[in-house]
Amino acid sequence: MPTATKARAAKADALRVRRVRASDMANVIALDAHVTKLPKPDYWDDVFRRYGKQRLHERFFLVAENRADRTKPRLLGFIIGEVRVWEFGSTPCGWVFALSVDPEMRLHGAGNALLEAMSAEFKKAGVSKMRTMVARDARLPLLFFRSEGMMAGPYIQLEKDLD
Ligand SMILES: CC(C)(COP(=O)(O)OP(=O)(O)OC[C@H]1O[C@@H](n2cnc3c(N)ncnc32)[C@H](O)[C@@H]1OP(=O)(O)O)[C@@H](O)C(=O)NCCC(=O)NCCS
């Protein structure tokens, strides 16, 4: 096998996506705090309780890790989503509401692997549509989601200030 092909195969082999565990949460919280500059441990405790432990047939909290060093796997990122039914008059569909990859480990396929794994979970759960929401001026997630085949959908978001 050519060296470049071997290197690619080794990298793909080292990348693993699985369900989150309680022992991942310190790393998830640290990654989120690093990326958003806003530590929120209470929020993450609540998210882990709801998406890492309950209704697991329709709620998915997945992590990607690099297992090149099997004694010390490294967290690369996480994704969270769930199947929602009949909201906004929609037939059941899968919503992705959080996705983050360690800035030092981006552009190596972890985001793609997480979204692919989430798509597979949604399909297993019986839905055939995946949705997410992105700020109009958030260029990076727009580039990413577009590259993953996600396009503008049939809904528009409405809001107003409440005084
Ligand atoms: C968006 C994000 C999850 C992508 O993770 P990643 O591991 O770097 O993504 P991948 O390596 O799997 O990239 C898949 C494709 O996305 C596109 N893409 C990703 N980052 C890009 C960038 N900086 N510029 C242009 N295209 C980009 C490319 O088409 C890429 O495919 P290619 O490498 O074959 O060209 C990551 O940048 C991130 O965590 N960003 C901050 C948080 C965020 O925006 N989350 C999403 C909304 S909640």
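Owing to the predicted nature of the structure, the values given are computational and were not obtained by experimental measurement.

Asks: Mind showing me how you'd approach the side chain of Arg 18 here?
Replies: Turning to its location among the elements, Arg 18 is positioned in strand β1 (residues 15-19). A polar side-chain atom of Arg 18 sits 2.8 Å from a polar atom in the side chain of Asp 24. Side chain to side chain, Arg 18 and Glu 65 meet in a polar contact 3.0 Å long. Those residues in contact with Arg 18 that lie beyond four places of it in its chain are Asp 24, Phe 61, Leu 62, Val 63 and Glu 65.

Asks: Would you take a moment to explain the side chain of Glu 82 for this structure?
Replies: With respect to the secondary-structure elements, Glu 82 resides in strand β3 (residues 74-84). Here Arg 84 takes part through its side chain, which lies 3.0 Å from a polar atom of the side chain of Glu 82. Those residues within four positions of Glu 82 in sequence are excluded, and the remaining contacts are Tyr 51, Glu 58, Arg 59, Cys 93, Gly 94, Trp 95, Phe 97 and Phe 122.

Asks: Would you mind showing me how to read the site of the ligand here?
Replies: Around the ligand sit 17 residues in total, of which Leu 99, Val 101, Leu 107, Gly 111 and Asn 112 are the nearest. Between the ligand and Arg 106, the relevant distance is 3.4 Å, taken from an oxygen atom to a side-chain nitrogen or oxygen of the residue. Between the ligand and the protein, one listed contact pairs an oxygen atom with a backbone N or O atom of Asn 112 at 2.8 Å. Counting residues per element, the ones that place at least two in the shell around the ligand are β4 (93-101), α4 (110-124) and α5 (139-147). Considered class by class, the residues forming the shell around the ligand number nine nonpolar, six polar and two charged.

The rules behind each value
What you see as residue numbers is a count from 1 along each chain, following the sequence as written. With the structure being a predicted model, the display of local features is reserved for residues of pLDDT at least 70 and the display and counting of side-chain atom pairs for 80 or more, all residues being used for whole-chain, interface and lining totals. As a rule here, side-chain values come from all non-hydrogen atoms in the structure, and water together with hydrogens is ignored. Helix and strand assignments follow DSSP, with helices taken as H or I runs no shorter than four residues and strands as E runs no shorter than two, numbered in order from the N terminus. Think of a polar contact as two N or O atoms within 3.5 Å of one another; within protein, one of them needs to be a possible hydrogen donor and the other a possible acceptor, and neighboring residues in sequence only count if both atoms come from side chains. Any two residues having at least one pair of non-hydrogen atoms within 4.5 Å are treated as being in contact. Proximity is defined per residue: if any heavy atom of the residue lies within 4 Å of a molecule or strand, that residue is considered near it. Three classes are used, and their members are as follows: Ala, Val, Leu, Ile, Met, Phe, Trp, Tyr, Cys and Pro are nonpolar, Asp, Glu, Lys and Arg are charged, and the others, Gly among them, are polar.

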